[in-house]
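Listed below are the residues making up each chain.
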Amino acid sequence: MPLGHYVTLGRSGLRVSPLCLGAMTFGEDLGWGSSVEESQQIMDRYIDLGGNFIDTANFYTKSHSEKIIGDHVGRHPARRDRLVIATKFSGNLYPGDPNGGGSGRKSIVSACENSLRRLQTDYIDLYWLHNWDVHTPIEETMAALDDLVRAGKVRYLGVSDTPAWKIAEANVTARFRGWSAFIGLQIEYSLLERTVEQELLPMARELGLGVTPWSPLKGGALSGKYTRANAGEVKRDRQFIESSLNEKTYAVVEELDVIAKAHDSTVARVALAWVRAQPGVSSTIIGARRLAQLEDNLKSVDVNLTSEELGPLDARTRPTLGFPPEPAGPFPSLPQRRYDRERRPCPVHVRPGEGAQALLTTRSLMTPTVFSARCVSRPQRDVGNGPLLSWELLGCGDA
């Protein structure tokens, strides 16, 4: 899949590259980012290869990231209009100002105006709520964002690092009131961080939010730079990577290395390919402080993992999820693939002791499946489509 093989972001018509260029490292203001010159080279190379999706935030490198993007592409309409530029609000750039950040109307409008000024553009393609503001009613946030869309200052809305239940509330509220809803979800997701598979990923698929994972290499832990053989010898790029360098990580890196050699590729590319292959993922965010890092990561689009390669990686990193457990369908003894939430049984009326077949059809797959069962109890009450009966499962098969 080339970088110019565009995909729609969630349930929208916005077309983006399968890899998104993350701009968190643009600028050296925090002591570890890319210089202005190298940031510009990284953008140029990404765009030259067909990439069109750049992601930043209002407070990345003290707002310098947005300014670098604005100076290089934002002020040139011919270049800017060919790109999907995404930025975020929530971060407070004004210590001591209680309305300097968060998700209240005053803060959102101000943050948007300032981002537009730094990006040197008239509109933001995708505007992310960066962090959930527990002190602001979600309807105030969604109404303010809808106003920005209607004013033409924002094209689409996304949400990042927010609980699934709050995102569901936000989108249901927006749809009932005729407001713009979130179309994208930005979350941490990698072979070493899969707990989002319990709530956030199923929610995104159900509500039509395209997922754009951040930190797909777990802050560099899956870059291939850190191995069991050189443990403690290689200098860490950043302090927070320490907690990720453990026995589990080294085992995953070794598994990735085996697959990488089979593809004549690298550990990082295979780790990125795994994320890209996950259901619901639209575009994976890759960051690069050096042009060489970008070149290597972009080649991950050429790596397509087989089910035999995905299986061991999935088994080795499968997370332990909490309550409620993953649904097993109406009959726990059946394989999960036989069940879909959208299946609806046809009404069946039988006498106790007689066998019957209930035909269930899934709207999404349109695959009829027959479940054979035997009635083992008398009707208790009528539930609208017929009497409520108890059944003993006998078997199942394709219709």
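Residues numbered from 1 in each chain as written. Predicted model: local features only at pLDDT ≥ 70, side-chain atom pairs only at ≥ 80, totals over all residues. Heavy atoms only, no water.

(A) Highlighting the overall build of the protein chain. A tally of regular secondary structure across the protein chain gives 11 helices and 14 strands. Looking at the protein chain residue by residue over its 399 residues, the buried ones come to 49%. Pairs at least 24 residues apart make up 69% of the contacts formed inside the protein chain by residues separated by at least 6 positions. As displayed, the protein chain has an accessible area near 19400 Å², and 52% of this comes from carbon and sulfur atoms. (Helix = DSSP H or I, 4+ residues; strand = E, 2+ residues; numbered from the N terminus. Buried < 20%, exposed > 50% of the residue type's maximum accessible area, 1.4 Å probe, protein only. Contact = heavy atoms within 4.5 Å. Areas by Shrake-Rupley, 256 points an atom, 1.4 Å probe, with all protein chains shown as cover.)

(B) Inspection of the side chain of glutamine 186 at higher detail. Along the chain, glutamine 186 turns up in strand S8 (residues 182-186). A distance of 3.5 Å separates the side chain of glutamine 186 from the side chain of aspartate 55, its partner in a polar contact. (Polar contact = N/O pair within 3.5 Å; in protein donor to acceptor, adjacent residues only side chain to side chain.)

(C) Spatial organisation of the pairing of strand S3 (residues 19-22). Burial along S3 is two-sided: the face carrying Leu19 and Leu21 and the face carrying Cys20 and Gly22 are both buried. Note: S3 against strand S4 (residues 53-55), two bridges, orientation parallel. By the bridge assignment, leucine 21 is partnered in S4 with isoleucine 54. Crossover connection from S3 via helix H1 (residues 36-48) to parallel S4: handedness right-handed. (Pairing = 2+ DSSP bridges. Right-handed = clockwise from strand over helix to strand, strands pointing away.)

(D) Up close: the side chain of histidine 72. Within the secondary structure layout, histidine 72 lies in helix H2 (residues 64-74). According to the relative accessible area criterion, histidine 72 is buried, its value standing at 14%. Among the polar contacts made by the side chain of histidine 72, one reaches the side chain of aspartate 44 at a distance of 2.7 Å. Leaving out residues up to four positions away in the same chain, histidine 72 has contacts with Gln40, Met43, Asp44 and Arg79.

(E) Examining the pattern of salt bridges more closely. Taken as a whole, this structure holds 20 salt bridges when the rule is applied. Here aspartate 125 ties to arginine 80 by a salt bridge, and the two come within 2.9 Å at their closest N and O atoms. Taken together, the residues span a long stretch of sequence, with aspartate 125 in strand S6 (residues 124-129) and arginine 80 in helix H3 (residues 77-80) at a distance of 45 residues. This pair shows no difference in class: aspartate 125 is buried, exactly as arginine 80 is. Note that glutamate 197 and arginine 194 form a salt bridge whose closest N and O atoms lie 2.7 Å from each other. On the basis of relative accessible area, arginine 194 is assigned to the buried category, the value being 4%. (Salt bridge = Lys/Arg side-chain N within 4 Å of Asp/Glu carboxyl O.)

(F) Expanded view of the environment of histidine 130. Here histidine 130 lies in the loop between S6 and helix H5 (138-150). You can call histidine 130 buried: its relative accessible area is 8%. Residues contacting histidine 130, with those up to four places away along its chain left out, are Ala57, Phe59, Tyr60, Lys88, Phe89, Ser90, Ser160 and Asp161.

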